[in-house]
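Residues per chain, in single letters:
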Amino acid sequence: MRIRYNPEARPELAAWEYYIDEPEKLRGHWAEQFARRQPMVLELGCGKGGFLAQMAPAHPEKNYIALDVKSEMLVLAKRKAEEAYAAADVPMDNFLMTAVDIERIFLIMDETDQFDEVYINFCPPCPKCRQHKHRLTHPRQLERYQKLMAPGARLYFKTDDDDLFMASLGYLEEAGWVLDYRTHDLHREGAPAESPRTEHEEMFAGQGIRIKYLIAHPPEENQ
């Protein structure tokens, strides 16, 4: 998704208490940054923040971290989160965000930062063959996520792109992951887990594009 450069994005984010401007300093210590020690949830590529703006205020029993590489996206997610928490009239003490290239996630996190839920929503499909390794569901990425997932954790993936979804099913099989659920038409079949719709999702659905969705877990989880 292309978005216009915004010179005010970085300063606005840096001044916000829930934005981590130097995330590498929290490597191994993300859980300590929240008001309460409780299950952590990670969204990889949060975009405009529509997903977590719905989830985080509704679930104060979980701590949420949103990652994206673009400050221009994160500042929109910031504003959306502020509006959502204000509307829900709950304190924003279970939400943090930061900017990072997800391929370099281990610069800011390590195996002691354990997540119970990991979400990837409508990530870029990277259609050209030479770009496939940059897909967020590629096996080399799955290997990274596995190290950050607590026993019993699940990965939730949603996309509008048929090719990416089919490729992702193959990536999971190649990496030895276990598929818990999948559907090629989420809005018709529903999901076994909470899956709020975002503006992005509604746009695709309005165009008649079926939303694909899966839940999976790593091969070596300790049940």
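One structure accompanies this document, and this report is about it. (Residues numbered from 1 in each chain as written. Predicted model: local features only at pLDDT ≥ 70, side-chain atom pairs only at ≥ 80, totals over all residues. Heavy atoms only, no water.)

Another point: the environment of Leu179. By secondary structure assignment, the location of Leu179 is in strand 6 (residues 178-183). Overall, the relative accessible area of 38% leaves Leu179 in the partly exposed class. For the pair formed by Leu179 and Leu214, sequence separation is 35 residues and the distance between their alpha carbons is 7.5 Å. Not counting the four nearest positions on each side in its chain, Leu179 is found in contact with Leu169, Leu172, Leu214, Ile215 and Ala216. (Helix = DSSP H or I, 4+ residues; strand = E, 2+ residues; numbered from the N terminus. Buried < 20%, exposed > 50% of the residue type's maximum accessible area, 1.4 Å probe, protein only. Contact = heavy atoms within 4.5 Å.)

Every buried residue belonging to helix 4 (residues 139-148) is among Pro139, Gln141, Leu142, Tyr145 and Leu148, and all of these are buried. The buried residues of helix 4 all sit within an arc of 160° when viewed along its axis, so they share a single face. Considering only its buried residues, helix 4 is in contact with strand 1 (40-44), strand 4 (115-121), strand 5 (149-159) and helix 5 (162-174). (Arc of directions from axis to C-beta.)

This next bit is on helix 2 (residues 50-58). Across the 9 residues of helix 2, 7 count as buried, placing the element largely inside the fold. Looking at helix 2, one finds that the buried residues are Gly50, Phe51, Leu52, Ala53, Met55, Ala56 and Pro57. Among the structural elements, strand 1, strand 2 (63-68), helix 3 (71-88), strand 3 (95-99) and strand 4 are those in contact with the buried residues of helix 2.

Attention now goes to the packing of aromatic side chains. Enumeration over the complete set of coordinates arrives at 8 aromatic pairs. Arranged with centres 4.8 Å apart and planes meeting at 50°, the rings of Phe51 and Tyr119 form a pair that is tilted. Here Phe51, found in helix 2, pairs with Tyr119, found in strand 4; they are 68 residues apart in sequence, far enough to count as distant. Across the pair, Tyr119 and Phe51 agree in class, each one buried. Three or more aromatic residues joined by ring pairs form one cluster here, namely Trp16, Tyr18, Tyr85 and Phe95. The positively charged end of Lys147 is found above the aromatic ring belonging to Phe106, 5.8 Å away from the centroid. (Phe/Tyr/Trp six-rings, centres within 6.5 Å; stacked < 30°, edge-to-face > 60°. Lys NZ or Arg CZ within 6 Å of the ring centre and 35° of its normal.)

So, about the pairing of strand 3. For strand 3, the buried fraction is high: 4 of the 5 residues fall into the buried class. Here strand 2 pairs with strand 3 via 5 bridges, running parallel. Residue pairing for strand 3: Tyr64 is matched across the bridge by Phe95. Viewed along the sheet, the connection from strand 2 through helix 3 into strand 3 turns out right-handed. (Pairing = 2+ DSSP bridges. Right-handed = clockwise from strand over helix to strand, strands pointing away.)

This paragraph deals with the pattern of salt bridges. Counted by the stated rule, this structure contains 17 salt bridges. With a closest N to O distance of 2.9 Å, Glu22 and Lys25 form a salt bridge. By relative accessible area, Glu22 is classed as partly exposed at 40%. A residue is classified by how much of its surface remains accessible, and Lys25, at 58% relative accessible area, is exposed. In this structure, Asp162 engages Lys212 in a salt bridge whose closest nitrogen and oxygen atoms are separated by 3.2 Å. You can see Asp162 sitting in helix 5 and its partner Lys212 sitting in strand 7 (residues 212-217), a full 50 residues away along the chain. Looking at Asp162, the relative accessible area reads 44%, which means it is partly exposed. Among the residues examined, Lys212 registers a relative accessible area of 1% and is labelled buried. In the salt-bridge network here, residues are joined through shared partners; they are Glu12, Lys78, Arg79 and Glu82. (Salt bridge = Lys/Arg side-chain N within 4 Å of Asp/Glu carboxyl O.)

So, about the nonpolar core. Judged by nonpolar contacts, the single largest core of 36 residues is most densely connected at Trp30, Leu44, Ile65, Leu67 and Met109. Residue assignment for this core shows that the elements contributing at least two residues are strand 1, strand 2, strand 4, helix 4, strand 5, helix 5 and strand 7. Element by element, the count of residues in this core is highest for helix 5, at 6 residues. Apart from the residues within four sequence positions on either side, Met109 is in contact with Arg27, Trp30, Leu42, Ile65, Leu67, Phe115 and Leu148. By size, the runner-up hydrophobic cluster in this structure holds 28 residues, among which are Tyr85, Met97, Ile211 and Tyr213. (Core = buried A, V, L, I, M, F, W, Y, C linked by side-chain atoms within 4.5 Å.)

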